[in-house]
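Inside the fold
Each chain, letter by letter, is given below.
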Amino acid sequence: MPPARAKSGRFAKKGEVERRKKFSEHAKELNAIRQAKKKLQDEDRELQSVGTRFIDLAVLANNLWCKTCNASLTLKNMEKEIHRGLASILHVRCVTCLDLVQVPTSKLIRVPNSSYPLWSVNMKAATGCVDSGVGHEQLNTLITSMNIPAVNHHTIKRSEARIGPAIEQHANESIKRALLEEKRLTEDANRATHSRGVRIGS
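Looking now at the overall build of the chain. Helix and strand content of the chain: five helices and five strands. When the helices and strands of the chain are read in sequence order from the N terminus, they spell out α-α-β-β-β-β-β-α-α-α. For the chain, the proportion of its 202 residues judged to be buried stands at 22%. Once local pairs closer than 6 in sequence are excluded, the contacts in the chain between residues at least 24 apart make up 46%. Surface accessibility of the chain: about 15,000 Å² in total, with carbon and sulfur atoms responsible for 56%.

Below, the structure is given as structure tokens:
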């Protein structure tokens, strides 16, 4: 192998050759690390895009469009998924203008006097838990068996705190309606028996 030459055209010294050799090896190592990191990122991306999700079809259909060029999007170009309880924000690459578009899978609900918005699917899940007496752990047992990512208990508690007053108000109104209906039925029964000369409770 002929001796290495410097940029000036002269033969490089032995120390310079060794330095170049080490630099070349270091560059190869860095490139190998980058390739390995990219492979892991690609694998993570594939893992993020598998499984089952709760999806509001109307919300998904309205958001599978690029806001920049108005081109249609495909989930095959999804690069990232951010979980928000049972909702997700899908980051989808537009193949036309290459913008990265955020596509939600559920309706976002802005709560008055709160900087923290809630997702419709999480509130519905919290309502179902309260109505059926199911807790956070039982909910996660159910959804993970369906290959749906588990939900953090803070997400459910936050939603329950929002729907709690509404559920309590609805329950009170139901009780009032039931009492009024019972009173009406009793009065009707009293009138019917009174017309026959017999009064209930006498």
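Back to the write-up after that little detour.
With that settled, consider the side chain of S159. Here S159 shows up in helix α5 (residues 153-194). Among all residues touching S159, those that are not within four sequence positions of it are L118, N122, M123 and A126.

This paragraph deals with the environment of R53. Take R53: it is sitting in the loop between α1 (14-48) and α2 (57-63). On a C-alpha basis, the gap between R53 and S88 in space is 8.3 Å, while along the polypeptide they are 35 residues apart. A polar contact is formed between the side chain of R53 and the side chain of E81, at a distance of 2.7 Å.

Taken as a whole and judged by the stated rule, the model has three salt bridges. For E160, the salt bridge identified is with K157, shortest N-O distance 3.8 Å. One end of the pair is E160 and the other is K157, both in helix α5 and three residues apart, which spans about a single turn.

Another point: the pairing of strand β3 (residues 100-104). Pairing analysis gives five bridges linking strand β2 (residues 87-93) to β3, with the strands arranged antiparallel. Looking at β3, one finds that L90 is bridged to V103. Connecting β2 to the next strand, β3, in antiparallel fashion are six residues, including L98 with a positive phi near 70°.

Turning our attention to the nonpolar core. With twelve residues, the main nonpolar core is built from L86, A87, I89, W119, V121, A125, C129, L139, I143, I148, V151 and I156. Broken down by secondary-structure element, the contributors of at least two residues to this core are β2, α3 (120-132) and α4 (136-145). With three residues, α3 is the largest single contributor of residues to this core. L60, C66, V92 and C94 belong to the second-largest nonpolar core, a separate cluster that totals eleven residues.

A large share of β2 lies buried, amounting to six of its seven residues. In this structure, strand β1 (residues 78-84) lies alongside β2, joined through six bridges in antiparallel fashion. Its bridge partner lying in β2, H83 is registered against S88. Counting the residues between successive antiparallel strands, the hairpin from β1 to β2 contains two residues, one of them, G85, with a positive phi of roughly 70°.

This part is about the side chain of S88. With respect to the element layout, S88 can be found in strand β2. On the accessibility criterion, S88 (2% relative accessible area) is buried. Within the local environment of S88, its side chain forms a polar contact with the side chain of E81, the two groups lying 2.7 Å apart.

Moving on to unusual backbone geometry. Backbone phi values are negative for most residues with the exception of glycine, while trans is the configuration of most peptide bonds. Phi at N70 takes a positive value of approximately 65°, unusual for a residue other than glycine. Assignment of secondary structure puts N70 in the loop between α2 and β1. The phi torsion at L98 lies on the positive side, around 70°, for a residue other than glycine. When you line up the elements, L98 lands in the loop between β2 and β3.

A contiguous nonpolar surface patch, about 260 Å² in accessible area, is contributed by F54, L142 and M146. Counting through the fold element by element, L142 comes out in helix α4.

Basis of the calculations
Residues numbered from 1 in each chain as written. Predicted model: local features only at pLDDT ≥ 70, side-chain atom pairs only at ≥ 80, totals over all residues. Heavy atoms only, no water. Helix = DSSP H or I, 4+ residues; strand = E, 2+ residues; numbered from the N terminus. Buried < 20%, exposed > 50% of the residue type's maximum accessible area, 1.4 Å probe, protein only. Contact = heavy atoms within 4.5 Å. Areas by Shrake-Rupley, 256 points an atom, 1.4 Å probe, with all protein chains shown as cover. Polar contact = N/O pair within 3.5 Å; in protein donor to acceptor, adjacent residues only side chain to side chain. Salt bridge = Lys/Arg side-chain N within 4 Å of Asp/Glu carboxyl O. Pairing = 2+ DSSP bridges. Core = buried A, V, L, I, M, F, W, Y, C linked by side-chain atoms within 4.5 Å. Patch = residues over 30% accessible without salt bridge, like charges linked within 9 Å, V, L, I, M, F, W, Y side chains within 5 Å.

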